[in-house]
There are 2 protein chains.
Amino acid sequence: MNPEKVTSQQVAKLAGVSQSAVSRVYTPGASASKKTMLKVHKAAETLGYRPNSLARAMVSGKSRIIGLIVAYLDNQFYPDAIEKLSNSLQANGYHVLIFMASKTAEGLDSVIEEIMDYQVDGIIAASVALSSSLAQRCSSMGVPIVLFNRAQQDDGFSSVTSDNVSGGAKAARFLMEGGHTKIGYIAGWEGASTQRDREFGFVAALQQAGLKLHAREVGQFEMEQASSATRRMFATDAPDAVFVANDHMAFAVMDTLRFELGLRIPEDVSVVGYDDVPAASWLAYNLTTVRQRANQMVQETVRILLDQVEGNGDQDQHIAIGSPLIVRGSARKPKGY
Amino acid sequence: MNPEKVTSQQVAKLAGVSQSAVSRVYTPGASASKKTMLKVHKAAETLGYRPNSLARAMVSGKSRIIGLIVAYLDNQFYPDAIEKLSNSLQANGYHVLIFMASKTAEGLDSVIEEIMDYQVDGIIAASVALSSSLAQRCSSMGVPIVLFNRAQQDDGFSSVTSDNVSGGAKAARFLMEGGHTKIGYIAGWEGASTQRDREFGFVAALQQAGLKLHAREVGQFEMEQASSATRRMFATDAPDAVFVANDHMAFAVMDTLRFELGLRIPEDVSVVGYDDVPAASWLAYNLTTVRQRANQMVQETVRILLDQVEGNGDQDQHIAIGSPLIVRGSARKPKGY
DNA sequence: ATAATGTTTACATGCGTATGCAAAAGTCTA
DNA sequence: TAGACTTTTGCATACGCATGTAAACATTAT
């Protein structure tokens with residue numbers, strides 16, 4: 001109950017200089033003599049002074065806050081990404097105001113409004129689709145947005161994803177090379193560009209080899225739904241391989257195949273996922289999957305966003321990071337692996 | 001490049017009232033007539049006005065920002081907790097500034113300083129130990145701190161954990177009732193109160209039944225280390241049951257037991273974990289574990305913190321939420337389950 | 001009708017900092 | 001040593017809003 005605020009005024013008085021001198025000492029670009037710097041630092045030290053970021057933001061117009069919107073945290077890919085994003089932004093002197101978007105994207109607009117109220121310098125939207133009216137509003141306020149792991153070509157913002165199309169294709173070719181002919185696909189939420197692109201690449205590669213999708217069910221990126229999708233898919237004319245739109249669902253698929261349907265993986269059925277989340281390498285799953293290179297994705301996201309924030313702002317960019325296939329044990333291996 | 005800021009001034013002019021009238025319309029407790037409210041709202045609507053949270057924070061001294069410090073995000077328990085915390089705080093009109101603390105806690109002090117620079121109203125530290133000098137500093141600034149899933153009795157802040165001691169005891173009794181006599185323990189990072197309490201409760205319950213810990217290794221809450229701990233523990237005179245300090249490690253333990261050592265679970269060895277993270281119920285693990293009730297923990301954490309923030313601040317509280325044993329298939333079941 | 005009360009309003013000020021401007025203090029050259 | 005620069009400094013102001021104060025207004029009681 002003793003909120004002793006230390007202001008630059010007090011430091012100035014103690015140091016025997018003006019408030020503006022104190023300010024300049026703490027402002028990178030400003031001019032201050034060695035002497036005053038010393039005096040100010042000493043005074044600041046004894047008083048325990050630290051510049052008030054909020055006041056600084058008010059006058060400078062730059063809050064050094066980045067808004068981060070996330071929908072899912074149960075899919076391990078996102079916590080991982082958040083950690084990396086946060087670290088990278090911290091390293092650049094920015095901080096992260098985090099917002100959970102209800103998965104239904106109902107309140108998304110109001111969430112964004114709230115974010116903007118804090119005068120964020122930029123926004124990263126992970127796995128979230130933005131209405132173009134929102135995008136309009138943000139860009140008119142000069143707040144750049146980068147979509148992380150989701151793409152929307154036409155609107156006014158950048159995006160960073162993995163190369164989902166070619167990733168899907170890689171999965172298809174791997175399964176075909178493994179000798180599979182009855183290949184199923186378990187889709188994610190159809191509204192997601194990741195889902196669409198992965199499926200597109202996958203199906204295109206099958207077709208290119210003269211193969212048709214043997215079965216298709218929708219799992220909505222949720223484990224429960226993926227389980228029922230699996231049951232439906234294997235009820236009649238079971239496929240000999242399944243590509244699942246992400247690892248998170250793939251775990252449910254594998255559990256269902258093994259423990260409910262009594263199938264062996266990969267002897268009876270091959271499973272390939274997408275993301276390469278940490279659990280994919282856990283031996284109980286040992287999942288063959290397409291890796292999203294979170295590090296590069298984060299790096300690009302931060303680079304693009306900060307470029308735009310700091311005014312070196314190029315045009316909107318749409319980046320797709322290469323996505324290698326990680327071969328483990330959940331899918332039959334073609335010769336040569 | 002057209003950052004058209006709309007201020008309360010402009011709204012006031014358009015509405016034909018004073019700036020303070022506009023402010024009062026947007027300030028819950030303030031008085032404003034129906035007429036002016038209408039005029040102001042209409043003007044605000046057409047201009048697209050929203051109050052600037054930062055300016056508001058400056059003058060009111062309340063930022064409605066809560067700093068959240070997290071160390072790990074690979075253990076699923078924390079993403080889950082973050083999601084719940086964030087939702088709960090958002091529902092109360094607060095927002096979350098998130099900080100990743102390097103696991104080594106080196107830069108923790110500087111992280112806290114940065115947090116404080118943003119004039120946060122309170123701090124939640126998840127799975128992080130604070131130096132008492134830091135605590136000093138925060139409380140002198142009037143910024144309450146709540147430790148989440150970590151306890152430190154003597155210093156000046158509250159904490160919310162599960163009842164780790166009794167949770168550990170439950171695990172011990174369950175294993176003993178299951179007929180195990182050679183019971184091992186794989187510890188987490190020894191600096192963590194959760195680790196200490198779980199082990200204490202576990203060992204105490206064993207002793208109470210006249211049993212001694214058969215083996216003990218340290219896994220540091222990390223999967224790699226947990227795997228090597230398992231190898232060491234089972235190299236000679238293998239136990240017939242293992243209690244692992246958290247689920248995250250337990251998965252590595254189970255994988256190592258099954259796929260490296262060729263042991264069957266629970267026929268050859270029983271495994272019990274702690275946390276009940278989502279993956280514990282995945283059938284590949286189907287882990288018997290002690291549940292940390294994240295919902296209640298979050299609820300209590302937010303309640304305590306906001307009480308203190310909003311001045312109804314009681315004394316520091318140390319809350320331990322009851323932690324039930326969730327019986328699944330990874331440990332041999334005593335009769336009656 | 002008037003006084004007494006209760007509501008609503010505008011004015012003015014301050015939150016803590018950055019920054020343009022002009023004066024002051026240094027630095028260098030001839 | 002004077003003049004021409006360059007660097008440093010203090011002053012004043014502005015950022016956008018909330019709030020204390022006193023005046024204006026509306027409502028009720030007498």
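Residues numbered from 1 in each chain as written. Chains lettered and ligands numbered in written order. Predicted model: local features only at pLDDT ≥ 70, side-chain atom pairs only at ≥ 80, totals over all residues. Heavy atoms only, no water.

## Concerning the interface of chain B and chain A
Facing 50 residues of chain B, the contacting portion of chain A comprises 50 residues. Of all residues in chain B, the largest losses of buried area upon contact with chain A belong to B:Leu54, B:Tyr118 and B:Trp282, amounting jointly to 15% of the total for that side. The tally of links between chain B and chain A comes to four salt bridges. Of the charged contacts in the structure, one is a salt bridge between B:Arg50 and A:Glu113, with a shortest N-O distance of 3.2 Å. Applying the counting rule to chain B against chain A returns 20 residue pairs in polar contact (both at pLDDT 80 or more). Listing elements by their share of the side of chain B that touches chain A, those giving two or more residues are helix 4 (53-60), helix 5 (77-91), strand 2 (95-100), helix 6 (108-117), helix 7 (132-140) and helix 11 (247-260) of chain B. (Contact = heavy atoms within 4.5 Å. Buried area = accessible area lost by both parts, 1.4 Å probe. Salt bridge = Lys/Arg side-chain N within 4 Å of Asp/Glu carboxyl O. Polar contact = N/O pair within 3.5 Å; in protein donor to acceptor, adjacent residues only side chain to side chain. Helix = DSSP H or I, 4+ residues; strand = E, 2+ residues; numbered from the N terminus.)

## Looking at unusual backbone geometry
At the junction of A:Ile265 and A:Pro266, the peptide bond is cis and its omega measures out at 10° in the coordinates. With respect to the helices, strands and loops of the structure, A:Pro266 is situated in the loop between helix 11 (247-260) and strand 9 (270-275).

## Describing the pattern of salt bridges
Residues and elements named next belong to chain B. Counted by the stated rule, this structure contains 30 salt bridges over all chains. The residue Arg-232 makes a salt bridge to Glu-217 at a minimum N-O spacing of 2.8 Å. In this pair, Arg-232 sits in helix 10 (residues 223-235) while Glu-217 sits in strand 7 (residues 215-218), placing the two residues 15 residues apart along the sequence. For Arg-264, the salt bridge is made with Asp-268, and the minimal N-O distance between the two is 2.9 Å. Taking the relative accessible area as the measure of exposure, Asp-268 reaches 29% and is therefore partly exposed. (Buried < 20%, exposed > 50% of the residue type's maximum accessible area, 1.4 Å probe, protein only.)

## Here's the deal with the protein's contact with DNA strand D
For DNA strand D, the set of nearby residues contains 26 residues, the closest of which are A:Arg24, A:Thr36, B:Ser8, B:Ser23 and B:Arg56. The sugar-phosphate share of atoms of DNA strand D within 4 Å of the protein amounts to 61%. Taking A:Arg24, its side chain carries an N or O atom lying 2.6 Å from a base oxygen of DNA strand D. Of all the secondary-structure elements, those providing two or more residues to the surface near DNA strand D are helix 2 (19-25) and helix 4 (53-60) of chain A together with helix 2 (19-25) and helix 4 of chain B. When residues of the surface near DNA strand D are assigned to their parent elements, the largest contribution, four residues, is made by helix 2 of chain B. Of the residues assigned to the surface near DNA strand D, the class counts are nine nonpolar, 12 polar and five charged. (Near = heavy atom within 4 Å. Nonpolar A, V, L, I, M, F, W, Y, C, P; charged D, E, K, R; others polar.)

## Some points on the nonpolar core
The biggest cluster of nonpolar side chains holds 210 residues, and the ones touching the most others in it are A:Ile123 and B:Ile123. Judged by nonpolar contacts, the second largest core, of 12 residues, contains A:Val11, A:Ala15, A:Val17 and A:Ala44. (Core = buried A, V, L, I, M, F, W, Y, C linked by side-chain atoms within 4.5 Å.)

## Concerning the domain arrangement of chain A
Partitioning chain A into domains gives domain 1 (3-51), domain 2 (60-161 + 294-321) and domain 3 (164-292). A C-alpha centroid distance of 35 Å is found between domain 1 of chain A and domain 2 of chain A. (Domains from an automatic or database assignment.)

## Let's talk about the relation of the copies chain B and chain A
Superposition record for chain B on chain A: RMSD 0.1 Å, screw rotation 180°, translation along axis 0.0 Å. The relationship between the two copies is best expressed as a two-fold rotation axis. Considering only C-alpha atoms, the residue of chain B closest to the rotation axis is B:Leu97, which sits at 2.2 Å. When the interface residues of chain B are mapped onto chain A, 100% of them are again interface residues, pointing to one common binding face. (Least-squares fit on C-alpha atoms with pLDDT ≥ 70 in both.)

## Some details on helix 6 of chain B
Counted residue by residue, helix 6 of chain B has seven buried out of 10 residues, so it is predominantly covered. Within the sequence span of helix 6 of chain B, burial applies to B:Leu108, B:Val111, B:Ile112, B:Glu113, B:Ile115, B:Met116 and B:Asp117. Taken together, the buried residues of helix 6 of chain B touch helix 4 and helix 5 (77-91) of chain A together with strand 1 (65-70), strand 2, strand 3 (122-126) and helix 7 of chain B.

## Looking at the side chain of A:Arg150
Residue and element names in this part refer to chain A. By secondary structure assignment, the location of Arg-150 is in the loop between strand 4 (145-148) and strand 5 (158-162). A distance of 3.4 Å separates the side chain of Arg-150 from the side chain of Thr-194, its partner in a polar contact. When neighbours within four sequence positions are excluded, Arg-150 is seen to be in contact with Tyr-78, Ser-127, Val-128, Ser-159, Val-160, Thr-161, Trp-189, Ala-192, Ser-193, Thr-194 and Phe-221.

## A word on a nonpolar patch on the surface
Taken together, the side chains of A:Met58, A:Val59, B:Met58 and B:Val59 make up a nonpolar region of the molecular surface, amounting to roughly 420 Å² of accessible area. Elements represented by at least two residues in the nonpolar patch include exactly helix 4 of chain A together with helix 4 of chain B. Looking at the secondary structure, you find B:Met58 in helix 4. (Patch = residues over 30% accessible without salt bridge, like charges linked within 9 Å, V, L, I, M, F, W, Y side chains within 5 Å. Areas by Shrake-Rupley, 256 points an atom, 1.4 Å probe, with all protein chains shown as cover.)

## Regarding the packing of aromatic side chains
Residue and element names in this part refer to chain A. Applying the stated rule across the entire model yields 21 aromatic pairs over all chains. Centre to centre, the rings of Phe-77 and Phe-148 are 6.2 Å apart; their planes meet at 20°, and the pair counts as stacked. Here Phe-77 is found in helix 5, whereas its partner Phe-148 is found in strand 4, with 71 residues between them in sequence. Note on Phe-77: relative accessible area 3%, which makes it buried. (Phe/Tyr/Trp six-rings, centres within 6.5 Å; stacked < 30°, edge-to-face > 60°.)

## Regarding the protein's contact with DNA strand C
Around DNA strand C, the surrounding shell holds 27 residues, and the nearest of these are A:Ser8, A:Ser23, B:Arg24, B:Ser33 and B:Thr36. Counted by atom, the contact set of DNA strand C within 4 Å of the protein is 58% sugar and phosphate. Measuring from a phosphate oxygen of DNA strand C, one finds a side-chain N or O atom of A:Ser23 at 2.5 Å. One nitrogen or oxygen atom from the side chain of A:Arg24 is found 3.4 Å from a base oxygen belonging to DNA strand C.

## A look at empty space enclosed by the protein
It is the rolling of a water-molecule-sized probe over the atoms that shows where space remains empty. All names here are of chain B. A full pass over the atoms with the stated rule returns five cavities of 30 Å³ or more. In terms of lining, the largest cavity is formed by 15 residues, of which the most central are Asn-75, Tyr-78, Arg-150, Phe-221 and Asn-246. In terms of residue class, the lining of the largest cavity is built from four nonpolar, seven polar and four charged. Built from parts of two domains, the lining of the largest cavity gets at least three residues from each of domain 2 (60-161 + 294-321) and domain 3 (164-292). (1 Å grid on protein atoms, 1.4 Å probe; cavity = no way out; pocket = protein on both sides within 12 Å on 5 of 7 lines; lining within 4 Å. Points joined across faces, edges and corners; volume = space filled by probe spheres on them.)

## Topic: the packing of helix 1 (residues 8-15) of chain A against helix 3 (residues 34-47) of chain A
Residue and element names in this part refer to chain A. For the pair helix 1 and helix 3, interaxial distance at closest approach is 9 Å and the crossing angle is 120°. As judged from the angle between their axes, helix 1 and helix 3 are oblique. Judged by the twist between their axes, the crossing of helix 1 over helix 3 is right-handed. Touching Gln-10, Val-11, Leu-14 and Ala-15 of helix 1 are Lys-39, Val-40, Ala-43, Ala-44, Thr-46 and Leu-47, all from helix 3. Class assignment for the residues of the contact of helix 1 with helix 3 results in seven nonpolar, two polar and one charged. (Axes fitted to C-alpha atoms, helices over the stretch in contact; angles between N-to-C directions. Parallel < 35°, antiparallel > 145°, perpendicular 65-115°, else oblique. Left-handed = near helix turned anticlockwise from the far one by under 90°.)

## Regarding the environment of B:Gly188
Residues and elements named next belong to chain B. Tracing the sequence through the fold places Gly-188 in the loop between strand 6 (183-187) and helix 9 (193-208). The class for Gly-188 is buried, based on a relative accessible area of 0%. The contact partners of Gly-188, leaving out residues within four places of it in the chain, are Gln-195, Val-218, Gln-220, Phe-221, Ala-245 and Met-249.

## Section: the sheet that holds strand 3 (residues 122-126) of chain A
Where strands meet in a sheet, backbone hydrogen bonds hold them as pairs that are either parallel or antiparallel. An order of 11(A)-5(A)-4(A)-3(A)-1(A)-2(A)-2(B)-1(B)-3(B)-4(B)-5(B)-11(B) is seen for the 12 strands of this open sheet, with the pairing classed as mixed. Either end of the sheet is taken by a strand with one partner, and the two such strands are strand 11 (318-321) of chain A together with strand 11 (318-321) of chain B. Across this sheet, the average inter-strand angle for adjacent strands is 20°, counted without regard to direction. Bridge analysis of strand 2 (residues 95-100) of chain A against strand 2 of chain B gives three bridges, and the strand direction is antiparallel. Within the sheet, the bridge partner assigned to A:Ile98 lies in strand 2 of chain B and is B:Val96. Packing against the sheet, helix 5 of chain A makes contact with strand 1 (65-70), strand 2, strand 3 and strand 4 of chain A together with strand 2 of chain B, and its axis sits at approximately 80° to strand 2 of chain B. (Pairing = 2+ DSSP bridges.)

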